[in-house]
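Architecture and fold: a report
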Amino acid sequence: MERSAAFSTSQEMQADGVAAQAAPVRMRRVFYIPGYDPIHPRRYRELYRKEAAAQAKISGYDIAIARQQPKTPDQDAAQHGTAVQGRPYGWQVSACIDGQHTKTDFSVLVWSDIVRESMETSIAATYVQLLRTAWIYITSGTLRRLMWLRKGPVIAALYPVGMLLLQALLALILFGAVSAVCRALRTQIVPQLWWLVPLPGWGLGLWASVALLRWFKVQDGRFFAYYLMHDYAYSAAAHGANPPALEARIAVFKQEIQRALAEGTMDELLVVGHSSGAHVGISVLADVLREGLPADAPEIGFLTLGQVVPMVSFLPRAERLRADLRYLSQRAEIAWVDVSAPGDGCAFALCDPVAVSGVAPPEKRWPLVISAAFTQTLSPARWAALRWRFFRLHFQYLCAFDQPGDYDYFCVTAGAQTLRARYAGRRASMSRIDVAASKFTSVKLE
């Protein structure tokens, strides 16, 4: 399913009248949209602080972050850790890269409260989710078609199914063993002391098996079975349609970006979507563009990292997402770059999300699909240490590289070049996958 023909370059985009902005960026706004993550957004601030310092040391530039000055009471509450649904949580970045000084306001668009709420289910409800989600992906033919693209993320999707079934099997075995021991104690070994085991064998067996399942759930920070199951179940619950809470949050995100655009004080507005945050960002930006931009709108960039768009766009009722993919791929107002790496087993690496979803229009411009090439940009020792740490590798796009190529997260988010200018003339990865694979290609009519 791979093609060797080169994708349209940014130079070809310029030939269509989309010129790369050459003026250096002095002020930038970054809106980061996390994936399906229940953790407070301060985690991303600390990750940025740590990894920016590491990359600056490797690459020889200066970068520092400070607390963002809140503009509203809601933002002030968010900075202090108070839950404010949908409002950004952020920090400020000052950088001097290649002799150019840039300031960046960095905001995390928060939907972790929605994630946490979706994860608040019982053990029994999680197993019901397992059966329902597997049924949707298998009977719709989506699972088979996803396998055509990349086996890594499909295996990652099957992992929680296998792990939860294994946990249930172990609990069943424990139930049988405890029941058998209790029966032996009551009727064969010391029948005269039956009162030492007052409960029936099946009662103690049930208690032991439930205790084991609860232990597995408590230890899910090591196994990730419940977390991943909730992740896939959340997208599949409405067969690919956005749940109402997420649709409402997308509207809030749109308003935040529109508010920033209206301020008119920046040279670039950059939206970054990581993992599941990529398809959220697609819908947010599509809504922003449909409603129109201010006359003095800055350069707008869209960076998707480790995207898993096909997990949603291939589902039968994902008409909204497919329409947004089709719409956004044609827009000259933005520059959209998609970065992934074959070493990331949790992403649909080098899969053009528009093309593989079967909605690429003749006027398609975006995204420019490039590789972060972990095997080349990480040192051999570091690659060996991270190779089997799949979840850590899925976050590598947000981290420092030992031998950075043309993708450097901190240069993109804090450097003096716009996303469009940085990748002007860059050819797409020759090993990308850009052939339609989805069975469902209907779109929501505007």
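Everything below is about the structure shown above.
Residues numbered from 1 in each chain as written. Predicted model: local features only at pLDDT ≥ 70, side-chain atom pairs only at ≥ 80, totals over all residues. Heavy atoms only, no water.

**Concerning the nonpolar core**
In summary, soluble globular proteins display a tendency toward joint burial of nonpolar side chains. Just so we agree on the cut-off: The definition of a nonpolar core used throughout is a set of buried Ala, Val, Leu, Ile, Met, Phe, Trp, Tyr and Cys residues joined through side-chain atoms within 4.5 Å. Remark: exposure states derive from per-residue accessible area (1.4 Å probe, protein chains only) relative to the maximum for the residue type, with buried under 20%, exposed over 50%, and partly exposed in between. Labels follow the DSSP assignment, with helices taken as runs of H or I lasting at least four residues and strands as runs of E lasting at least two, numbered in each case from the N terminus. It only takes one pair of heavy atoms within 4.5 Å for two residues to be counted as in contact.
Trp 111, Leu 269, Leu 328 and Trp 336 are the most contacted members of the largest nonpolar core, which has 59 residues in total. For this core, the element with the most residues is helix H12 (residues 276-290), which contributes eight residues. Setting aside residues up to four positions removed in sequence, Trp 111 forms contacts with Ile 33, Pro 34, Gly 35, Tyr 36, Tyr 234, Leu 246, Arg 249, Phe 253 and Val 280. Counting residues in hydrophobic clusters, the runner-up holds 46 residues, among them Tyr 48, Phe 106, Val 339 and Tyr 407.

**A few points about the sheet that holds strand S5 (residues 268-274)**
Defined as follows: Two strands form a pair only when DSSP identifies at least two bridges running between them. Note on geometry: axes are C-alpha line fits, over the in-contact stretch for helices, and angles between N-to-C directions span 0 to 180 degrees.
Strand order across the open sheet formed by eight strands is S2-S3-S4-S1-S5-S6-S7-S8, with mixed pairing between neighbours. Looking at the sheet topology across the chains shown, the edges are occupied by strand S2 (62-67) and strand S8 (368-371). On average, each strand axis in the sheet is tilted by 20° relative to the strand beside it, whichever way the strands run. Sheet strands touched by helix H11 (residues 244-263): strand S1 (27-33), S5 and strand S6 (299-305). Its angle to S1, the strand with the most contacts, is close to 180°.

**Observations regarding the pairing of strand S4 (residues 100-108)**
By the bridge criterion, six bridges tie S1 to S4 in an arrangement that is parallel. Its bridge partner being in S4, Arg 29 is matched across the sheet by Asp 105. Looking at chain direction, strand S3 (residues 89-97) and S4 are connected through nine bridges and run antiparallel. Within S4, the position partnered with Gly 90 by the bridge is Ser 107. The hairpin formed by S3 and S4 contains two residues between the paired strands, and Asp 98 there has a positive phi angle of roughly 55°.

**What about the packing of aromatic side chains?**
To be explicit about the condition: Two rings from Phe, Tyr or Trp (for Trp, the six-membered ring) form a pair when their centres sit within 6.5 Å of each other. Planes less than 30 degrees apart are called stacked, planes more than 60 degrees apart edge-to-face, and all others tilted.
Following the criterion strictly, the structure yields 19 aromatic pairs and no others. Summarising the aromatic geometry, the rings of Tyr 32 and Tyr 44 are spaced 5.1 Å apart at their centres and angled 50° between planes, so their arrangement reads as tilted. A residue pair is termed long-range when its members are at least 10 positions apart, and Tyr 32 in strand S1 and Tyr 44 in helix H2 (residues 42-59) qualify at twelve residues. Tyr 32 gets classed as buried once you look at its relative accessible area, which sits at 1%.

**Examining the pattern of salt bridges**
It is possible for side chains bearing opposite charge to pair when their charged atoms get close. The condition is simple: By definition here, a salt bridge exists when the distance from a side-chain nitrogen of Lys or Arg to a carboxyl oxygen of Asp or Glu is within 4 Å.
By the definition in use, this model includes 19 salt bridges. Its salt-bridge partner being Lys 254, residue Glu 291 comes within 2.7 Å of it at the nearest N-O pair. Taken together, the positions of Glu 291 in the loop between H12 and S6 and Lys 254 in helix H11 put the pair 37 residues apart, joining distant regions of the chain. One salt bridge connects Asp 287 with Arg 290, and the closest N-O pair in it is separated by 3.2 Å. You can see Asp 287 and its partner Arg 290 sitting in helix H12, three residues apart, about one turn around the helix. You can call Asp 287 buried: its relative accessible area is 17%. Classification of Arg 290 by relative accessible area gives partly exposed; the value is 28%.

**What about H11?**
Quick reminder of the rule: For a helix, the expected span equals 1.5 Å multiplied by the number of residues minus one. The arc refers to the directions leading from the helix axis to the C-beta atoms.
Over its 20 residues, H11 extends 29 Å from the first C-alpha to the last, a length consistent with the 28 Å expected when each residue adds 1.5 Å. If you check which residues of H11 are buried, you get Leu 246, Arg 249, Ile 250, Phe 253, Lys 254, Glu 256, Ile 257, Ala 260 and Leu 261. Projected onto a plane normal to the axis of H11, the buried residues spread over an arc of 160° and lie on a single side. Seen from the open side of H11, the exposed residues pointing more than 90 degrees away from its buried face are Pro 244 and Ala 262. Among the residues trailing H11, Gly 264 stands out with phi positive, at a value near 60°.

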